[in-house]
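Below, each chain spelled out in residue letters.
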Amino acid sequence: MGSKPGKYKRMKMCFAALAAAASIVVAVGPARPAETPPPPPPSPAGTVVPASASPTALQTAAPSSAWTAPPDSITHHTLQLGGKTIAYTAVAGTIALRNAQDEPSASIFYVAYSMDGAPARRPVTFLYNGGPGSSTIWLHLGSFGPRRVAAGNAAPSRGAPYDFTTNQYSLLDRTDLVFIDAPGTGFSRLLGKSDPKDFYGIDQDAAAFGQFIQRYLSQYGRWNSPKFLFGESYGTTRSCVVASYLHDRGIDVNGIVLLSSALNLPVLFGAGDGIDATYFTYLPTETAVAWYQHKLPQSGDLAAVIRSSESFALGDYASALAQGSNLPSARRAQIVRRLHELTGISEAYLARTDLRIGPEQFEKQLLGGNAEVIGRYDGRYTGTAWDRTAQVPEYDPSYSDVASAYISTFNDYVRKDLGYRTDAQYMPLRGGLDWDFRRKSGSFGDVLPDLGRTLTENPRLRVFSANGYFDMATPFFQTEYLLDHMGIDQALHNHITFGFYQSGHMVYVNPSALAVFHNDLERWYDSVLALP
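Okay, so let's go over this structure. Please read these numbers as outputs of a predicted model, since none were measured by experiment. Sequence order as written defines residue numbering, which begins from 1 separately in each chain. Two thresholds apply to this predicted model, a pLDDT of at least 70 for residue-level local features and 80 or more for giving and counting side-chain atom pairs, whereas whole-chain, interface and lining totals are computed over all residues. Heavy atoms from the whole structure form the basis of all side-chain values; hydrogens and water molecules are not counted.

## What to know about the packing of aromatic side chains
Working step 1: The rule is short: rings of Phe, Tyr and Trp, with Trp giving its six-membered ring, pair when the centres are within 6.5 Å, and they are stacked under 30 degrees, edge-to-face over 60, tilted in between. Taken as a whole and judged by the stated rule, the model has 36 aromatic pairs.
Working step 2: Between F498 and F500, the aromatic rings sit 5.9 Å apart at their centres with planes inclined by 5°, giving stacked as the arrangement.
Working step 3: Ring-pair connections join several aromatic residues into one group, and the members of that group are F144, F228, F230, F464, Y501, F517, W524 and Y525.
Working step 4: A ring is scored as having a charge over it whenever the NZ atom of a lysine or the CZ atom of an arginine sits within 6 Å of its centre and within 35 degrees of its normal. The aromatic ring of Y245 is capped on one face by R249, whose charged end is 3.6 Å from the ring centroid.

## A word on unusual backbone geometry
Working step 1: Residue P132 is reached from G131 by a cis peptide bond, and omega for that bond is -10°.
Working step 2: Secondary structure counts use DSSP, requiring at least four H or I residues in a row for a helix and at least two E residues in a row for a strand, with both numbered from the N terminus. The residue P132 is located in the loop between β4 (124-128) and α2 (137-142) in this model.
Working step 3: Between A160 and the following residue, P161, the backbone shows a cis peptide bond with an omega angle of 5°.
Working step 4: In this fold, P161 is placed in the loop between β5 (147-149) and β6 (164-166).
Working step 5: Positive phi, normally seen in glycine, also occurs at D354, with a value near 60°.
Working step 6: Within the secondary structure layout, D354 lies in the loop between α9 (347-352) and α10 (359-365).

## Brief notes about the side chain of Q478
Working step 1: Within the secondary structure layout, Q478 lies in helix α14 (residues 476-484).
Working step 2: Any residue under 20% of the maximum accessible area for its type is buried, any over 50% is exposed, and the rest in between are partly exposed; the area is computed with a 1.4 Å probe on protein chains only. Under the relative-accessibility criterion, Q478 is labelled buried at 3%.
Working step 3: We call two residues contacting when some pair of their heavy atoms lies within 4.5 Å. With near-sequence residues (within four places) excluded, Q478 lies in contact with V267, L268, T278, T281 and Y282.

## Brief notes about helix α7 (residues 302-323)
Working step 1: Expected helix span is taken as 1.5 Å per residue step, with the number of steps being one fewer than the number of residues. With 22 residues, α7 extends 30 Å from end C-alpha to end C-alpha; this agrees with the ideal 32 Å at 1.5 Å per step.
Working step 2: What is called the bend at a residue is the angle between a pair of axes, fitted to the seven residues leading up to and ending at it and to the seven starting from it. Taking the largest bend as the criterion, α7 deviates by roughly 45°, centred on A313.
Working step 3: Three or more residues of α7 are buried, namely L302, V305, I306, S309, E310, F312, A313, Y317, A318, A320 and L321.
Working step 4: Those residues of α7 hidden inside the fold are in contact with α6 (277-292), α8 (329-343) and α14.
Working step 5: For α7, the N-terminal capping position is held by D301, with its side-chain oxygen 3.2 Å away from the main-chain nitrogen of A303.
Working step 6: Just downstream of α7, G324 is the residue with a positive phi angle, here 55°. As used in this structure description, the phrase polar contact means that two N or O atoms lie within 3.5 Å; if the pair is within protein, one of them must be able to donate a hydrogen and the other to accept it, and residues adjacent in sequence are counted only when both atoms belong to side chains.

## Side note on the environment of H140
Working step 1: Here H140 is to be found in helix α2.
Working step 2: Distance from H140 to L127, taken between C-alpha atoms, is 8.1 Å for residues 13 residues apart in sequence.
Working step 3: Apart from the residues within four sequence positions on either side, H140 is in contact with V111, Y113, G145, R147, F179, F410 and Y413.
Working step 4: A distance of 2.7 Å separates polar atoms of two side chains, one belonging to H140 and the other to Y113.

## Brief notes about the nonpolar core
Most often, soluble globular proteins have nonpolar side chains that are buried together.
Working step 1: Here, nonpolar core refers to any group of buried Ala, Val, Leu, Ile, Met, Phe, Trp, Tyr and Cys residues whose side-chain atoms link them within 4.5 Å. The biggest cluster of nonpolar side chains holds 98 residues, and the ones touching the most others in it are F126, F212, Y216 and Y317.
Working step 2: When residues in this core are grouped by element, the largest group, nine residues, is from α7.
Working step 3: Filtering out sequence-adjacent residues up to four positions away, F212 remains in contact with I95, L97, I108, Y110, V178 and I180.
Working step 4: By size, the runner-up hydrophobic cluster in this structure holds 62 residues, among which are F109, Y113, F228 and W524.

## Details of the packing of α7 against α14
Working step 1: Working convention: axes come from line fits to C-alpha atoms, limited for helices to the stretch in contact. Angles between N-to-C directions cover 0 to 180 degrees. Taken N-terminus to C-terminus, the directions of α7 and α14 make an angle of 55°; their axes are 12 Å apart at the nearest point. Taken together, the axis directions place α7 and α14 in an arrangement best described as oblique. Handedness of the crossing formed by α7 with α14: right-handed. For the pair formed by α7 and α14, the contact residues are I306, E310, A313 and L314 on the first element and F476, F477, E480 and Y481 on the second. The scheme is simple: roughly parallel for angles under 35 degrees, roughly antiparallel for over 145, roughly perpendicular for 65 to 115, oblique for anything else. Note on convention: near helix rotated counterclockwise from far helix by under a right angle means a left-handed crossing. Clockwise means right-handed.

Encoded structure:
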């Protein structure tokens, strides 16, 4: 992506915007009163359990010498799922990380849901959002936990009080669930003399999560349980490195779920200076969004227009971009015309961009370039531009339309239902993190080698890649392209399963997409657990 400092800065700003970014009737019974710690000893069954950021994202994340975490809270609940009653335990608490001197370095907040009386080798899945600098309320309240907030689906959420319901799509019938807040987010805090540089970087962050997982396995007697990682957005970056980190310490995970992937940051954010993969791998997402917004000159069903866009992207479009200024004028005009047919953007504008329209420009231009913009996390959302002369959107309606529903509901839920008593401020997003995207290996922002090596050395590992067609933040075709170019043995490609859904970055905000995603994952979990 070149060595321009401005591009590295832009990457950090773009990833800060990705922080929020995350089929059966269910009923949750009332929680029994919270117990007081210490947690009970584990039973033989092991059952213990956007483009714009909000103002809270501007908070800094300095260590706190005065922070004292509240006692862990343990509550008990029931859930009707698939015609069966599931009794489960929820633990809302913290686990302390320790540095090389065995001193407390961070207090990591988590909420764990575990089925009571389950077999000793029941799976456990560790879930987290990304950012970097995001807590995990989005996955926690939106996807597969026992409760779910009903945020707006391609529309603004209704005002408070928000609907907070039992989750008919919970995965608690397949796996225990542990939702983890990254250091410096949520109720997680750096402690004492901790240096933020020891946590805020790709490798440093993975080491913190790796240590947390090991301590959780020890505290709750889960070392011999099947283990899964589930990350969204930058959480997928994290998962690739955490899986490698654990593997190097003799701990293999059974499966990884990658939701809305960010696996090679120079390709995701580094367009220009001869790097054209960003443009042609974004094109099918732009086609899908233009189809949804009824802006394609000639349309068809979604699957058909996406196939056509993918074929053009890898063929004529990639070839034309590779020719650069040597592309003949007549051929350039043909490419412009075809791009117009696949994006709905005017031929005049496409010609001015030299065939290279960035995602931010697309978000502003698709609906006319003046009064309306589309969402970054989810191109199904629209909003009114407050600066009609701006070249790119000033905010992301797909974040602003749902954020309050998640943040308000979680703050109520964690204190009332989960009994976690604290007046500390919960930080859903933390900006101002000087994140180190350079790897110890010397590379920059590329975690595909980590995933490829772990797949090769642990041939039992399976990966599920989940993608939203309307995700303008992490385009689905780019993920597919990168995973297909990982350089692993051909036989290992069958160890990666893809899921594509009519939703955006946070696939789960669309209930119909969540239903399909849930069913796909239940089949995938069953297949992974059935491996000899």
